Amino acid sequence: MVDPTSPPPKVLIVGGGPSGLVLALQLLHNGVPIRIIEKNSFPRLGQRGAGIMPRSLELFTSLRIIEDVMNRAILTPPVRLYKMPEGVEIAHEFEMSPRRNPTPSHPYLNPVMLGQDKLEKIFHKALAGFGCTVELGTELKSFVQTDGNVTATLIKRGMSQDMDSGEIEEATFDYMIGADGARGVVRNQLGLSFVGETRNVENFVVGDICLDGLSQKYWHMWGDASDVLISVRATETPKLFNFVIGGKNINYTKIMQNEAEIKKCFFEHTGQRSDIKVLDIPWMSQYTPNIRMVDRFGFGRVYVTGDAGHVHSPTGGQGMNTGIQDSFNLGWKLALVAKGISSPSLLETFSEERIPVIAEMIVQTTKLLKKTLDNDEPSPQTNSTLFQLGVNYRWSSIVLDERKKIEVDREAIEDAYLQQFEFPGDDDGPEDDPDRLDSYGENQDGRLRAGDRAPDASGLAIEAPFDLAKQSCQLFQIYGPAHHTVLIFADVVNAADIITGLLNYPKGLIRTVVIVPTRRPAPRNVDGADFVVEDRGGHAASAYCPTGVCGVCIIRPDGVVGALVKGPTWMHRYFRGIFTAGRSP
Ligand SMILES: Cc1cc2nc3c(=O)[nH]c(=O)nc-3n(C[C@H](O)[C@H](O)[C@H](O)COP(=O)(O)OP(=O)(O)OC[C@H]3O[C@@H](n4cnc5c(N)ncnc54)[C@H](O)[C@@H]3O)c2cc1C
C-alpha cells in the first residue's frame, strides 16, 4: 500500500510469492523504499514448497524471521510404506531425511516443513514491521525501461474477481524485479530466453487433503511409480496432509475432472481402507515437469528472480529454496546500486554468480526425478547436497582469495550452463566432466574459500561493546542483510590498522568484529570496532582462519565469504570492487 508520507518507492517487485517476499524484506532492511504487487486478490492456499532447506533457515536467521518459522515448522516426518494390496501392514519405515545434530558452524542441519502459505504469512508480518503491505489484486501488464528508469503499467482490481475491471496506473521506478513465477510477463517482455523442455509424459497430481483416520506423525506411502504411487505427508496443521498422486497407470485427465474422482482414486490405491475418511481437498493441481532456465537474469533496470528464471522438477524440494537464494544474492547488490553507493555493473554479477548454480540445481533435481520414475521404491534422501549449504560462487569476479585468486573461468560457466541440455536422465556425462563448476560444493575438501557460504561460529563471549559484555553470541547474530562484516583475527593481523582503514567507507555498511583467542588480552586501539569477542570455543578460528594465513575475512550481506585476505591492501581491493561510488583509499 502506498503511504503518501513515505519516500517514493525506488523498486517495484512484481509477485508476492517467496522470491518476491524475500527480496522485499531484504530491501526494506537496507532502507530501500519498495512496492510489492501481487495479481491474486487473496493470499494463495497450499503447502507447495513446504520443504525448507538448512541454507534457507540460515538466511531466515539473517532476515530475523527464524523464530517464527521454527515455532511453526515441523521436521520431515518419517515415511511409512504400506504393503499392497491391503495397504494396512507397514512394509518399511524410515526417515526420509535422517536426523543430524547441529554443530558450531552449522546450526541447522535438518530440513523443516512448513506450508508455503504459512511461510508467506510470516513474511507479510515481517513486512508489516516496516510499514509495507503486499498490494493484492494488482497486476503488472507491461513496462518500458529506459536508461534512467522503468515505467510500469499496472491494473488494480483489488478484491474484484472481474478480470475485465480495474483501474489502470502508470508508475515509474528506478528498478523493477519480476518475481512473477514461471508464467510471468517480465521474463517474456524482457525477451529473455527460457530454454529447456516440457516432459508431458511424467505427470503428478498434487494438493492438500484433510483426512480422518491417518496418524499425523508420518509421511504415508502406497505403491510405486511403475504403477500408482500415493504419497500423503502429514503437515504442521492437524488433519491436513499434502498429497501427490503419480505413476504410469494413472488417468490424469479423468482424476482431474472433479474431487470425487480424486477421492475414488485415493480409496482404490490405498487398499480401500474404510478407516480413512477424506474430509476435504482444499487445493489441488496437475503438475507436468517443466525443465527450463534463463541464460541471464536480466539487464539494465529489470531482472527476474525465482521461478521466473528457472523451473524444474519438484523432486528434492529445491524450487522455493533456490528462489530465496536468488533474491538474497540480488537484494544487497540492488540496495547498494539503488542508493548510489555501487555502480550498476554490480548487478551483472547476479547472473554471473547464480546461473551456474541454477544449471547444477537442474541437474540434481532431474536426476532425482529420474530415480523416482525409474520405479525405485521411495528411499531416504541421504544426499545433503540438496541442503544447499555447499552452494558457492568461487568463480565470481567480485570475490577475492589472497591465497589463491580464482579467476573467472568464463568457459567453465558456459559449460555449466550448457549441461542443462544433457539431462542426467539421458546421459550421466556431466558428473564425469572434470571442468564442471562445483557450484553445489559436492566435492569440496573442507577448506573455506572466498565465494563459499560463511560458516557460523558459536561460543563467542562479547568483550565490547561494554553494554553487552560477557554475553555469549554466535557470528550469525552479527551478520545481517544490510552490512558487510569484517572478521579480524587479532593474533594474525594488526586489528587497529584494519579498523582505521575501514573508516574510509560509507558509514553503516561495514561491521567489524575483532576476534581474540581465548584467555588472551584484547589488542590495543580497537575502540572503533563494533564488536570485540573472545573465541572461547575456538570455533571462529577453526572455521575462518585455521592456518593463521588470512587474518581478515569479509562476509557479504548475503552470508557469503566475499574475501579472505592477509591485510589492508587486498581488503581495499575487495571493497573498491563493491563500493565504486564510495571514498575508498
Ligand atoms: C507440488 C509442489 C511441491 C513443491 N515442493 C517444494 C519444496 O518442497 N521445496 C521447494 O523449495 N520448492 C518446492 N516447490 C516449488 C515452489 O513452490 C516454487 O519454486 C516457489 O513457489 C517459487 O516461488 P516464486 O516466488 O519464485 O514464484 P511463485 O510462487 O510462482 O510466485 C509468483 C507470484 O507472482 C504472481 N504474479 C504473476 N504474474 C504477475 C503479474 N503480472 N503481476 C503481479 N503478480 C504476478 C503470481 O500470482 C504468484 O503469486 C514445489 C512446487 C510444487 C508445485
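Remember, predicted model here, so these are calculated numbers, not experimental data.

Focus on the sheet that holds strand 30 (residues 561-565)
- Across the sheet, which stays open at both edges, the 8 strands sit in the order 23-30-29-26-27-28-24-25 with mixed pairing between neighbours. On the outer flanks of this sheet lie strand 23 (400-401) and strand 25 (472-473), each paired with one strand and no other.

Regarding the sheet that holds strand 19 (residues 290-293)
- Strand order in the open sheet made by the 3 strands is 13-19-22, with antiparallel pairing throughout. Each edge of the sheet is formed by a strand with only one pairing partner; in this case those strands are strand 13 (195-198) and strand 22 (310-311).
- Here strand 13 runs beside strand 19; their pairing, made up of 4 bridges, is antiparallel. Counterpart to Thr198 in the pairing with strand 19 is Asn290.

Quick look at the pattern of salt bridges
- The full count for this structure, using the stated rule, is 26 salt bridges.
- In this structure, Asp68 and Lys125 form a salt bridge, with 2.8 Å as the shortest nitrogen-oxygen distance. On the criterion of sequence distance, the pair formed by Asp68 in helix 3 (residues 66-72) and Lys125 in helix 4 (residues 116-128) is long-range, its members being 57 residues apart.
- Salt bridges sharing partners connect three or more residues here, namely Arg35, Glu135, Lys156 and Glu169.

What about the site of the ligand?
- Surveying the vicinity of the ligand reveals 31 residues, the closest of which are Ser19, Glu38, Arg44, Met320 and Asn321.
- Contacts to the ligand include Lys39, whose backbone N or O atom sits 3.1 Å from a nitrogen atom.
- Between the ligand and Gly51, the relevant distance is 3.1 Å, taken from an oxygen atom to a main-chain nitrogen or oxygen of the residue.
- Coverage of the ligand by the protein chains reaches 87% of its 1000 Å² of free accessible surface.
- Secondary structure elements with two or more residues in the shell around the ligand: helix 1 (18-29), strand 9 (138-145) and helix 8 (319-338).
- Broken down by class, the residue content of the shell around the ligand amounts to 9 nonpolar, 15 polar and 7 charged.

Some details on the packing of aromatic side chains
- Counted according to the given criterion, the structure contains 12 aromatic pairs.
- Ring geometry for Tyr393 versus Trp395: centroids 6.3 Å apart, planes at 90°, classification edge-to-face.
- Given the relative accessible area of 4%, Trp395 is considered buried.
- Here Arg187 stacks its cationic end above the ring of Phe194, 3.6 Å away from the centre of that ring.
- Directly above the ring of Tyr175 sits Arg301, whose terminal nitrogen or CZ lies 4.9 Å from the centroid.

Quick notes on helix 9 (residues 348-373)
- Between its first and last C-alpha atoms helix 9 spans 38 Å; for 26 residues at 1.5 Å apiece the expected length is 38 Å, and the two agree.
- Taken as a whole, helix 9 carries its principal kink of about 30° at Arg354; the proline Pro356 stands between one and four residues after it.
- With respect to burial, helix 9 is a largely interior element, 21 of its 26 residues being buried.

Brief notes about the packing of helix 13 (residues 495-502) against helix 15 (residues 568-578)
- Packing of helix 13 against helix 15 brings their axes to within 10 Å, and their N-to-C directions diverge by 25°. Comparing the axis directions of helix 13 and helix 15 gives the class roughly parallel. Of the two possible hands of crossing, helix 13 and helix 15 adopt the one that is right-handed. Here Ile498, Gly501 and Leu502 of helix 13 lie close against helix 15, whose contacting residues are Pro568, Met571, His572 and Phe575.
- For the contact of helix 13 with helix 15, the class distribution of residues is 5 nonpolar, 2 polar and no charged.

Calculation criteria
- Residues numbered from 1 in each chain as written.
- Predicted model: local features only at pLDDT ≥ 70, side-chain atom pairs only at ≥ 80, totals over all residues.
- Heavy atoms only, no water.
- Pairing = 2+ DSSP bridges.
- Helix = DSSP H or I, 4+ residues; strand = E, 2+ residues; numbered from the N terminus.
- Salt bridge = Lys/Arg side-chain N within 4 Å of Asp/Glu carboxyl O.
- Near = heavy atom within 4 Å.
- Polar contact = N/O pair within 3.5 Å; in protein donor to acceptor, adjacent residues only side chain to side chain.
- Areas by Shrake-Rupley, 256 points an atom, 1.4 Å probe, with all protein chains shown as cover.
- Nonpolar A, V, L, I, M, F, W, Y, C, P; charged D, E, K, R; others polar.
- Phe/Tyr/Trp six-rings, centres within 6.5 Å; stacked < 30°, edge-to-face > 60°.
- Buried < 20%, exposed > 50% of the residue type's maximum accessible area, 1.4 Å probe, protein only.
- Lys NZ or Arg CZ within 6 Å of the ring centre and 35° of its normal.
- Expected span 1.5 Å × (residues − 1).
- Bend = angle between axes of the 7 residues up to and from the residue.
- Axes fitted to C-alpha atoms, helices over the stretch in contact; angles between N-to-C directions.
- Parallel < 35°, antiparallel > 145°, perpendicular 65-115°, else oblique.
- Left-handed = near helix turned anticlockwise from the far one by under 90°.
- Contact = heavy atoms within 4.5 Å.

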